[in-house]
Amino acid sequence: MSFARMLAAATARHDSLLCVGLDPDPARLPAGMKGDASRIFDFCARIVDATKDLVCAFKPQIAYFAAHRAEDQLEQLMAYIRRNAPEVPVILDAKRGDIGSTAEQYAREAFVRYQADAVTLSPFMGFDSIEPYLPYDGKGVILLCRTSNPGGSDLQFQTLDNGDRLFEHVARLAAGAWNRHGRLGLVVGATFPQELARVRELAPTLPLLIPGVGAQGGDAAATVRAAWRPEGPIIVNSSRAVLYAGAGEDFAARARAVALATRSELAAARG
Ligand SMILES: O=c1ccn([C@@H]2O[C@H](COP(=O)(O)O)[C@@H](O)[C@H]2O)c(=O)[nH]1
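Here the structure is a predicted model, which means the values were calculated and not measured.

Enquirer: What am I meant to see in the overall build of the protein chain here?
Expert: If you tally the helices and strands in the protein chain, you get 11 helices and 8 strands. Along the three orthogonal principal directions, the C-alpha set of the protein chain runs to about 55 × 45 × 35 Å. For the protein chain, the proportion of its 271 residues judged to be buried stands at 49%. Once local pairs closer than 6 in sequence are excluded, the contacts in the protein chain between residues at least 24 apart make up 72%.

Enquirer: What exactly am I supposed to notice about the sheet that holds strand 3 (residues 91-96) here?
Expert: Hydrogen bonding along the main chain pairs the strands of a sheet, whether they run parallel or antiparallel. The 8 strands lie next to each other as 2-1-8-7-6-5-4-3, forming an open sheet whose pairing is parallel. Edge positions in the sheet fall to strand 2 (57-60) and strand 3, since each has one partner strand and no second. Each neighbouring strand pair of the sheet contributes to a mean axis angle of 30°, computed without reference to strand direction. The sheet contact formed by strand 6 (residues 184-188) and strand 7 (residues 208-211) spans 2 bridges and is parallel. Its bridge partner being in strand 7, V187 is matched across the sheet by L209.

Enquirer: For this particular structure, what's the right way to read the site of the ligand?
Expert: Surveying the vicinity of the ligand reveals 17 residues, the closest of which are T147, S148, P211, S239 and R240. Class assignment for the residues of the shell around the ligand results in 3 nonpolar, 11 polar and 3 charged.

Enquirer: Help me understand the UniProt feature "domain: Orotidine 5'-phosphate decarboxylase" (unreviewed entry) in the protein chain in this model?
Expert: Mapped onto this structure's residue numbering, the UniProt feature "domain: Orotidine 5'-phosphate decarboxylase" (unreviewed entry) falls at residues 17-255. Between the C-alpha atoms that bound residues 17-255 there is a distance of 16 Å. The span itself is 36% helix and 17% strand.

Enquirer: Would you take a moment to explain the UniProt feature "active site" (unreviewed entry) in the protein chain for this structure?
Expert: In the UniProt entry, the feature "active site" (unreviewed entry) is given for K95. Here K95 shows up in strand 3.

Enquirer: What should I look at first to understand the nonpolar core in this one?
Expert: Nonpolar side chains in soluble globular proteins tend to be buried together. One finds A57, L143, L186 and V236 to be the most contacted residues of the largest nonpolar core, which totals 86 residues. What V236 contacts, discounting residues up to four positions off in sequence, is L17, L18, C19, A190, I210, V213, A220, T223 and L266.

Enquirer: Honestly, helix 1 (residues 3-13) in this entry has me stumped. Any pointers?
Expert: Each turn of an α-helix holds 3.6 residues, which means side chains three or four residues apart point in the same direction. All of the buried residues along helix 1 are F3, A4, M6, L7, A10 and T11. Within helix 1, the buried residues cover an arc of 165° as seen down the axis, which keeps them to one side. Exposed residues on helix 1 whose side chains face more than 90 degrees from its buried face are R5, A12 and R13. The elements touched by buried residues of helix 1 are strand 2, strand 4 (118-121), strand 5 (140-146) and strand 8 (234-238). One or two steps after helix 1, the chain reaches D15, where phi turns positive at roughly 45°.

Enquirer: Teacher, can you tell me more about unusual backbone geometry here?
Expert: Glycine aside, residues mostly have negative phi, and peptide bonds are mostly found in the trans state. Although it is not a glycine, R69 adopts a positive phi angle of roughly 50°. Position of R69 relative to the elements: it lies in the loop between helix 3 (63-66) and helix 4 (71-84).

Enquirer: Even after reading the chapter, I still don't get the environment of G21, so can you show me in this structure?
Expert: Tracing the backbone shows G21 in strand 1 (residues 18-22). You can call G21 buried: it has 23 C-beta atoms within 10 Å.

Rules behind the numbers
Residues numbered from 1 in each chain as written. Predicted model: local features only at pLDDT ≥ 70, side-chain atom pairs only at ≥ 80, totals over all residues. Helix = DSSP H or I, 4+ residues; strand = E, 2+ residues; numbered from the N terminus. Buried ≥ 20, exposed ≤ 12 C-beta atoms within 10 Å, placed from the backbone. Contact = placed C-beta atoms within 7 Å. Pairing = 2+ DSSP bridges. Axes fitted to C-alpha atoms, helices over the stretch in contact; angles between N-to-C directions. Near = placed C-beta within 6 Å. Nonpolar A, V, L, I, M, F, W, Y, C, P; charged D, E, K, R; others polar. UniProt positions renumbered as here; feature names shortened; annotations may be inferred. Core = buried A, V, L, I, M, F, W, Y, C linked by C-beta atoms within 7 Å. Arc of directions from axis to C-beta.

What follows is the structure, given as structure tokens:
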């Protein structure tokens, strides 16, 4: 099934706009696992089990695996999610961006090695750096547009000759000329609700992946009001606030409680 269909189905079935981000930092693992990078899979599998009926997507961030030589555990985790939560799409947060020949290898990494349903990319190198991902039928390709970090403004807020900010230009391209295969989405931070609303205006039907609620302080309700439309899906990510809600043996139950509360907050704002 395509990423778009999986997302719509999981959103409806779990009545959820929440994506749980899988950012396993060995130093922050709970008692009994803390500091042990060989337990990354075990930790993430417990989080998946505790939240899989509450989410519209999972989003593993590849750096947390690669930095600890744990790519094999990421492969194991992807297979685990496919087996135990087959209805939930997985977005590999990789933020890749490179010339075409290298992008071909990154695309293979995301869609063949890890079998992700969607991947995040930086659009900075232009359309030929995006193109190699598009032949993978049904896969989602989500471009950084207005990122959640303060420094995102350094470039994304620059004004172009036509009066558009750079992030607006990216949104227009993703909603138009670049979206030949109909599989593009955009990353827009919950920390910038005004820009979120602007991106939704420019890209009314594109899926928006929205990080920044939870640990980064973005307002969940304002996010939904700015970006959710019946025809415009949103995927609101929270990673650390869910993963590290508890540091003891009950960490999975605590993660579930935060995921439940966040899902409810998002649902209430959608109405
Ligand atoms: O603009 C962006 C793009 C990606 N991210 C990623 O999302 C999560 C956020 O984690 P929290 O713990 O919920 O803050 C993380 O994987 C980032 O790499 C982002 O934050 N902002």
